[in-house]
Amino acid sequence: MVKIETLPDEMGFYGEFGGAFIPELLRPNVEELTHSFREKKNDPAFNKQYISLLEDYVGRPTPLYFSEKLSNKHGCSIYLKREDLNHTGAHKINNAIGQILLAKSMGKHQIIAETGAGQHGVATATACALMDMECIIFMGEIDIERQAPNVQRMEFLGATVIPATSGSRTLKDATNEAIRHWINHPDAYYLIGSVVGPHPYPEIVAHFQSIISKEIQMQLYAKTGKSSPTKVVACVGGGSNAAGAFYHFYDDENVELIAVEAAGHGLNSGKSAATSILGTPGVLHGSMTLLMQDEFGQVTEPHSISAGLDYPGIGPLHAFSIDSGRTKSIPITDNEALIAARELTKTEGIIPALESAHALAALNSLELDKNDVVVVNLSGRGDKDMSTYLQHSHIK
Ligand SMILES: *Cc1c(COP(=O)(O)O)cnc(C)c1O
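Residues numbered from 1 in each chain as written. Predicted model: local features only at pLDDT ≥ 70, side-chain atom pairs only at ≥ 80, totals over all residues. Heavy atoms only, no water.

Section: the site of the ligand
Taken together, 17 residues form the shell around the ligand, and within it K92, S194, G237, S240 and S379 come nearest. Backbone polar atom of G238 to an oxygen atom of the ligand: 3.2 Å apart, as the coordinates give it. The contact in question runs from an oxygen atom of the ligand to an N or O atom on the backbone of G239, over 2.7 Å. Contact with the protein chains hides 97% of the accessible area of the ligand, taken as 380 Å² for the molecule alone. Broken down by class, the residue content of the shell around the ligand amounts to 4 nonpolar, 11 polar and 2 charged. Domain assignment of the residues forming the shell around the ligand places at least three in each of domain 1 (20-52 + 92-205) and domain 2 (59-89 + 210-391). (Near = heavy atom within 4 Å. Polar contact = N/O pair within 3.5 Å; in protein donor to acceptor, adjacent residues only side chain to side chain. Areas by Shrake-Rupley, 256 points an atom, 1.4 Å probe, with all protein chains shown as cover. Nonpolar A, V, L, I, M, F, W, Y, C, P; charged D, E, K, R; others polar. Domains from an automatic or database assignment.)

This is the structure we're talking about:
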């Protein structure tokens, strides 16, 4: 059983996973951050500002939408948590707002961040514009190509976008570049976008995203008289939208938690990002976690059609929870996600992000009966994925 309030331990571990594997040079920064977060987390003035920005700027609470079409198809009740309706189009802004307030309270002026799909980059650039901070975004060269609209948005918001040109030129490499910059500029605030990286980042990001499951509890109660669903389904890149959607349900063993991983071309194709299934323990980006690596410990290049899931690791909370059997993981291929995206678009008039489409596709792999109440976290909207959807419109 996962007792979420007791995690992580003092050293930032979730069982054997987590911790802070960082150069000594960064140790003071990470300790300062841990201290500030612990203080602000329980500071009423800080929380008041965070919540009022979420309400009036981000547009929370996001709706919990009962999907009649999906419910009829699967023979149970299916709700969509509409994170796609947040300002900037995904859940990433919840965390960006929380951390920018933290950075401000610590007297920081320069914000650095990595981004894959560009959603975290856009959320960070937005928060920086709002708070008048300098913003530098690292992004893989490949992702810059496939997520062009988000690059334009970041630049228009005043951010500097620096291409990562090493390795697979995707999220992993952008993260490496961001960490390198941080080592050379320890005064910068590194605003990590998922529940990954060294302690205390996984804890901080899970905290700021936990608003998602808090709202689900209240909204479900208002609609059904019960505050818990039977299943919560969310896609996992690093795992921040999943951590947020699962958070307040970890301790309730009647709620099944389903993490959906990108299987790319297929689990055994050598072209996937299904870390929790194919990964083994190792250190990635400052944290002990499950990661895709070869027998020599070299990180395997991940593949997913969705830039936000194209990451060879997974947050330590998820590694621990999946390893202990609390969270179940399901692999979904590129094609299954494309089909699910079109289905939701055609039946509900909602164009989901490719990442979120993986979570939707997982409904087909679940055993569902009429008593099931399933919440699918619709992590973001699909505007950024239109060119990919149009290129693949032949897939049925
Ligand atoms: C970034 C992103 C993801 C993946 O990141 P997590 O940290 O795993 O949530 C999923 N969906 C969308 C829409 C994203 O932008």
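What about the pairing of strand β4 (residues 77-82)?
Most of β4 sits out of view: 5 of its 6 residues are buried. Here strand β3 (residues 64-66) runs beside β4; their pairing, made up of 3 bridges, is antiparallel. What sits directly across from L64, in β4, is K81. (Buried < 20%, exposed > 50% of the residue type's maximum accessible area, 1.4 Å probe, protein only. Helix = DSSP H or I, 4+ residues; strand = E, 2+ residues; numbered from the N terminus. Pairing = 2+ DSSP bridges.)

So, helix α4 (residues 92-105)
In this model, α4 (14 residues) spans 20 Å end to end at C-alpha, consistent with the 20 Å of a helix rising 1.5 Å per residue. Among the 14 residues in α4, 12 count as buried, and that is most of the element. For α4, every residue scored as buried is listed here: K92, I93, N94, N95, A96, I97, G98, Q99, I100, L101, L102 and A103. Once α4 ends, the next one or two residues include G107, with phi positive near 75°. (Expected span 1.5 Å × (residues − 1).)

A few points about the sheet that holds strand β6 (residues 134-140)
Within the open sheet, the 4 strands sit side by side as β7-β6-β5-β8. Their pairing is parallel. Pairing within the sheet leaves two strands with one partner each, and these edge strands are β7 (160-164) and β8 (189-190). The sheet contact formed by β6 and β7 spans 5 bridges and is parallel. Residue pairing for β7: G140 is matched across the bridge by A164.

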